[in-house]
Amino acid sequence: MRTKKAIINFITDALPQVIILLLGIVKIKLFINILGQTKLGLYQLYGQIVAYLVLVEGGIGSALLYRLYKPVHDKDDEKINQIMSAAKKIFNIVGFLILGIGLVLSFFVIFFVKDRAGVTNGYIQITFILYLISQAIYYFSIPQRSLFDAEQKKYIPNMVFQVVATVKAILEIILISIGLDLVALLISLIVCSVVANIIIIFLCNK
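It should be emphasised that the depicted structure is a prediction, and the values quoted were computed from it without experimental measurement.

Student: Can you walk me through the environment of glycine 24 in this structure?
Tutor: With respect to the helices and strands, the residue glycine 24 is situated in helix 1 (residues 2–35). For the pair formed by glycine 24 and threonine 166, sequence separation is 142 residues and the distance between their alpha carbons is 9.6 Å.

Student: Quick question: what am I supposed to make of the confidence of the model for the chain here?
Tutor: Parts of the prediction with low pLDDT should not have their coordinates interpreted in detail. For the chain, the average pLDDT comes to 85, and 92% of its residues sit at 70 or higher. Helix 5 (residues 121–136) holds the highest mean pLDDT among the elements of the chain, 92, whereas helix 1 holds the lowest, 72.

Student: What am I meant to see in the pattern of salt bridges here?
Tutor: Opposite charge on two side chains permits them to pair, given that their charged atoms come into close proximity. Scanning the model with the defined rule gives 3 salt bridges in all. The shortest N-O distance in the salt bridge between lysine 27 and glutamate 172 comes to 3.2 Å. Residue lysine 27 is located in helix 1, and its partner glutamate 172 is located in helix 7 (residues 155–177); the two are separated by 145 residues in the primary sequence. For lysine 27, a relative accessible area of 14% puts it in the buried group. The closest approach of N and O atoms between aspartate 181 and lysine 39, which form a salt bridge, is 2.4 Å. A residue pair is termed long-range when its members are at least 10 positions apart, and aspartate 181 in the loop between helix 7 and helix 8 (182–205) and lysine 39 in helix 2 (residues 37–53) qualify at 142 residues. The class of lysine 39 is buried, set by a relative accessible area of 16%.

Student: Help me out: how do you make sense of the environment of asparagine 81 in this one?
Tutor: Within the secondary structure, asparagine 81 is located in helix 4 (residues 77–105). Separated by 10 residues in sequence, asparagine 81 and proline 71 have C-alpha atoms that sit 9.7 Å apart.

Student: Would you mind showing me how to read a nonpolar patch on the surface here?
Tutor: A cluster of nonpolar residues, Ile187, Val191, Val195, Ile199, Phe202 and Leu203, forms a patch on the protein surface that exposes about 490 Å² of accessible area. Within the secondary structure, isoleucine 187 sits in helix 8.

Student: What am I meant to see in the side chain of serine 188 here?
Tutor: Relative to the helices and strands, serine 188 is located in helix 8. Beyond its immediate chain neighbours, meaning those up to four positions away, serine 188 contacts Leu171, Glu172 and Leu175.

Student: Just checking my understanding: could you explain the nonpolar core for this structure?
Tutor: Grouped burial of nonpolar side chains is what soluble globular proteins tend to show. Ranked by internal contacts, the top residues of the largest apolar core, which has 55 residues, are Phe31, Leu68, Val109 and Ile124. Of all elements in the fold, only helix 1, helix 2, helix 3 (60–74), helix 4, helix 5, helix 6 (142–150), helix 7 and helix 8 reach the threshold of two or more residues within this core. For this core, the element with the highest residue contribution is helix 8, accounting for 9 residues. Once residues lying within four places of it in the same chain are set aside, the contact partners of valine 109 are Leu45, Tyr46, Ile49, Ile124 and Phe128.

Student: What is the right way to read helix 3 from this model?
Tutor: Think of an α-helix as turning once every 3.6 residues; residues three or four places apart then point the same way. Taking 1.5 Å of rise per residue, 15 residues should cover 21 Å, and helix 3 covers 22 Å from first to last C-alpha, within 8% of that figure. Along its length, helix 3 reaches its greatest deviation from straightness, about 30 degrees, at leucine 68, and the proline proline 71 lies no more than four positions downstream. Listing the buried residues of helix 3 in full gives Gly61, Leu64, Leu65, Leu68, Pro71 and Val72. In this fold, the buried residues of helix 3 make contact with helix 4 and helix 6.

Student: Can you help me understand the packing of helix 4 against helix 6 in this one?
Tutor: Pairs of packed helices are described in terms of their axes, by the angle between the two and the distance that separates them. Where helix 4 meets helix 6, the closest approach of the two axes is 8 Å, and the angle between their N-to-C directions is 145 degrees. Residues Ile80, Met84, Ala87, Lys88 and Phe91 of helix 4 form the contact with helix 6, whose participating residues are Ile142, Pro143, Gln144 and Leu147. For the contact of helix 4 with helix 6, the residue count by class is 7 nonpolar, 1 polar and 1 charged.

What counts and what doesn't
Residues numbered from 1 in each chain as written. Predicted model: local features only at pLDDT ≥ 70, side-chain atom pairs only at ≥ 80, totals over all residues. Heavy atoms only, no water. Helix = DSSP H or I, 4+ residues; strand = E, 2+ residues; numbered from the N terminus. pLDDT = per-residue confidence, 0-100. Salt bridge = Lys/Arg side-chain N within 4 Å of Asp/Glu carboxyl O. Buried < 20%, exposed > 50% of the residue type's maximum accessible area, 1.4 Å probe, protein only. Patch = residues over 30% accessible without salt bridge, like charges linked within 9 Å, V, L, I, M, F, W, Y side chains within 5 Å. Areas by Shrake-Rupley, 256 points an atom, 1.4 Å probe, with all protein chains shown as cover. Contact = heavy atoms within 4.5 Å. Core = buried A, V, L, I, M, F, W, Y, C linked by side-chain atoms within 4.5 Å. Expected span 1.5 Å × (residues − 1). Bend = angle between axes of the 7 residues up to and from the residue. Axes fitted to C-alpha atoms, helices over the stretch in contact; angles between N-to-C directions. Nonpolar A, V, L, I, M, F, W, Y, C, P; charged D, E, K, R; others polar.

What follows is the structure, encoded as structure tokens:
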């Protein structure tokens, strides 16, 4: 049974990645042709900066998963609830901490941008903050995703996030194609992140 779940977890994690990768290639090409190299560079820069910010988490997610294995195996609901309650508080703090540090960094992002053709300092700060929010939101559902993982049901959040990621990629392609700006793309990312989190938390609570 565990082997079957592991295979399902792998399929729901790996297969959609191929689809998202192909959509990503199309998106980048449209990004360059329509929005321009400068805004693509900004988008990629924001991703690199946020990748460093998430180090704030410091492996707490792995520790949480380790702590959940035994009570899940023993079906100790009281212990699971205790761990989940503490984890929610911790990851709320982590999420807001990442947002806080990111907001401070938003005043300095301009110093990492070499080519500012067609963009102002204010535009760079606003778009960075929007990107930051779209990524930080995911930290508020880590406890629920960890519980699914501990129960060998990682395929559930996998399917949710992969479907949302696919919809997001398609939506980005559509928005770029009709000429909308990076701001609109980032707002769509935030909406998709919120929707994914709500679904995961709902399924976990249920």
